[in-house]
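Chains, contacts and geometry: an overview
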Amino acid sequence: MTSSHTDCHFCLQSLHGRKYALRDENAYCVPCYDSLYANPCEECKQPIECSSKDLAYKGRHWHEGCFRCAKCSRSLVEKPFAAKDEVLLCTECYSDEYSSKCFHCQKTIMPGSRKMEFKGSSWHESCFVCQYCRQPLGTKPLITKDNENYCVPCFEKQFAHHCYACKKVITSGGVAYHDQPWHKECFVCAVCKTQLSGQRFISKDEYPYCVDCFSRFHAKKCAACKKPIAALGGAKYISFEERQWHGECFSCAKCSVSLVGQEFLTRQDDILCHKCGSA
């Protein structure tokens, strides 16, 4: 600015025909203003005179020509930049030095771009997708298998077991029976529907039965006592001509001596020891 009728507020010399600067409504000649109020440049440490452009960032000041990337020296004037430990860097240099690398593509995640964090690694938002359907995962529930991420529907479609009984996905636990997966709550006796997970059971025709139901409906009946011969635990029984006996029931019909491992004779439906049969 120039004036013909004011004096410098500091040195009191006339400002007539001279450039001056205003501060708090007071006029100063350029030398006085610069010596009193010019900010020192962070880079060159010289005062930023009022005739120069003063670039400020977080209370610090630079000449326009000094406002450069600390690593590659490119001008940062009207350019995006980042600060690290009070050092200014262009976005490219900052990314090379400090930015995360995408776990998927291994390229730098540029400052200001959205990134996804999962299990201590970072992804570009566009790289954080379901391995199968390629749809963005964002904050959706996901499942990881072999370092690949899947949305829950795709994981279930590709990898999850389906219950042999209800055909629904088994999300946890489960029971294996005849090489087929079952929900624990679906693995029940074919007759009374009692849950058999962790219980003793008997298999017949690919179906599981609790011991009581198997004994009632499928176990062989002892020819002597007419009670079921339980097959559980490898129970011993004697079989002869399509008839079966408990071991303890296989005895002479006349003298009741045990015939297990002994010679015996038959008379109609009776079995007899050799002595009784020969009498």
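As the structure is a computational prediction, the values presented were derived from the model and not from experiment.

On to the domain arrangement of the chain. Taken domain by domain, the chain comprises domain 1 (160–217) and domain 2 (219–278). For domain 1 and domain 2, the distance between their C-alpha centroids amounts to 34 Å. Taken together, the contact pairs eight residues of domain 1 with five residues of domain 2. Roughly 530 Å² of surface becomes buried between domain 1 and domain 2 when both sides are summed, with 66% attributable to carbon and sulfur atoms. The tally of links between domain 1 and domain 2 comes to zero salt bridges. The tally of links between domain 1 and domain 2 comes to zero residue pairs in polar contact (both at pLDDT 80 or more). If you tally residues by element for the side of domain 1 that touches domain 2, the top one is helix H4 (residues 211–217), at five residues.

Right, let's talk about the side chain of Ser-122 for a bit. Within the secondary structure layout, Ser-122 lies in strand S9 (residues 121–124). Here Ser-122 falls in the buried class, since its relative accessible area comes to 8%. A distance of 2.9 Å separates the side chain of Ser-122 from the side chain of Glu-117, its partner in a polar contact. If we skip the residues at most four places from it in the chain, Ser-122 touches Ser-100, Lys-101, Cys-102, Phe-103, Ile-109, Lys-115, Met-116 and Glu-117.

Under the UniProt annotation, the feature "domain: LIM zinc-binding" (unreviewed entry) is placed at residues 39–99, 100–161 and 220–279. Across residues 39–99, the secondary structure splits into 13% helix and 26% strand, with the terminal C-alpha atoms separated by 32 Å.

What follows concerns helix H1 (residues 30–37). Residues of H1 that are buried: Cys-32, Tyr-33 and Asp-34. Those residues of H1 hidden inside the fold are in contact with strand S2 (18–23) and strand S3 (26–29).

Among all positions in helix H2 (residues 91–98), only Thr-91, Cys-93, Tyr-94 and Ser-95 are buried. For H2, the elements touching its buried residues are strand S6 (81–84) and strand S7 (87–90).

Before going further, it helps to examine the packing of aromatic side chains. Overall, the coordinates contain 20 aromatic pairs when judged by the stated rule. Measuring from ring centre to ring centre gives 5.5 Å for Phe-67 and Phe-81, while their planes differ by 85°; the resulting arrangement is edge-to-face. Of the two residues, Phe-67 is situated in the loop between strand S5 (60–63) and S6 and Phe-81 in strand S6; the sequence distance between them amounts to 14 residues. Taken together, a centroid distance of 6.1 Å and an interplanar angle of 55° make the contact between Phe-118 and Phe-128 tilted. Note that Phe-118 is positioned in strand S8 (residues 115–118) and Phe-128 in the loop between S9 and strand S10 (142–145), a separation of 10 residues in sequence. When sorted by exposure, Phe-118 lands in the same class as Phe-128, which is buried. Lying across the ring of Tyr-37, Arg-23 places its NZ or CZ 4.1 Å from the centre. Taking the ring centre of Tyr-164 as reference, the NZ or CZ of Lys-167 above it sits at 4.9 Å.

Conventions adopted
- Residues numbered from 1 in each chain as written.
- Predicted model: local features only at pLDDT ≥ 70, side-chain atom pairs only at ≥ 80, totals over all residues.
- Heavy atoms only, no water.
- Domains from an automatic or database assignment.
- Contact = heavy atoms within 4.5 Å.
- Buried area = accessible area lost by both parts, 1.4 Å probe.
- Salt bridge = Lys/Arg side-chain N within 4 Å of Asp/Glu carboxyl O.
- Polar contact = N/O pair within 3.5 Å; in protein donor to acceptor, adjacent residues only side chain to side chain.
- Helix = DSSP H or I, 4+ residues; strand = E, 2+ residues; numbered from the N terminus.
- Buried < 20%, exposed > 50% of the residue type's maximum accessible area, 1.4 Å probe, protein only.
- UniProt positions renumbered as here; feature names shortened; annotations may be inferred.
- Phe/Tyr/Trp six-rings, centres within 6.5 Å; stacked < 30°, edge-to-face > 60°.
- Lys NZ or Arg CZ within 6 Å of the ring centre and 35° of its normal.

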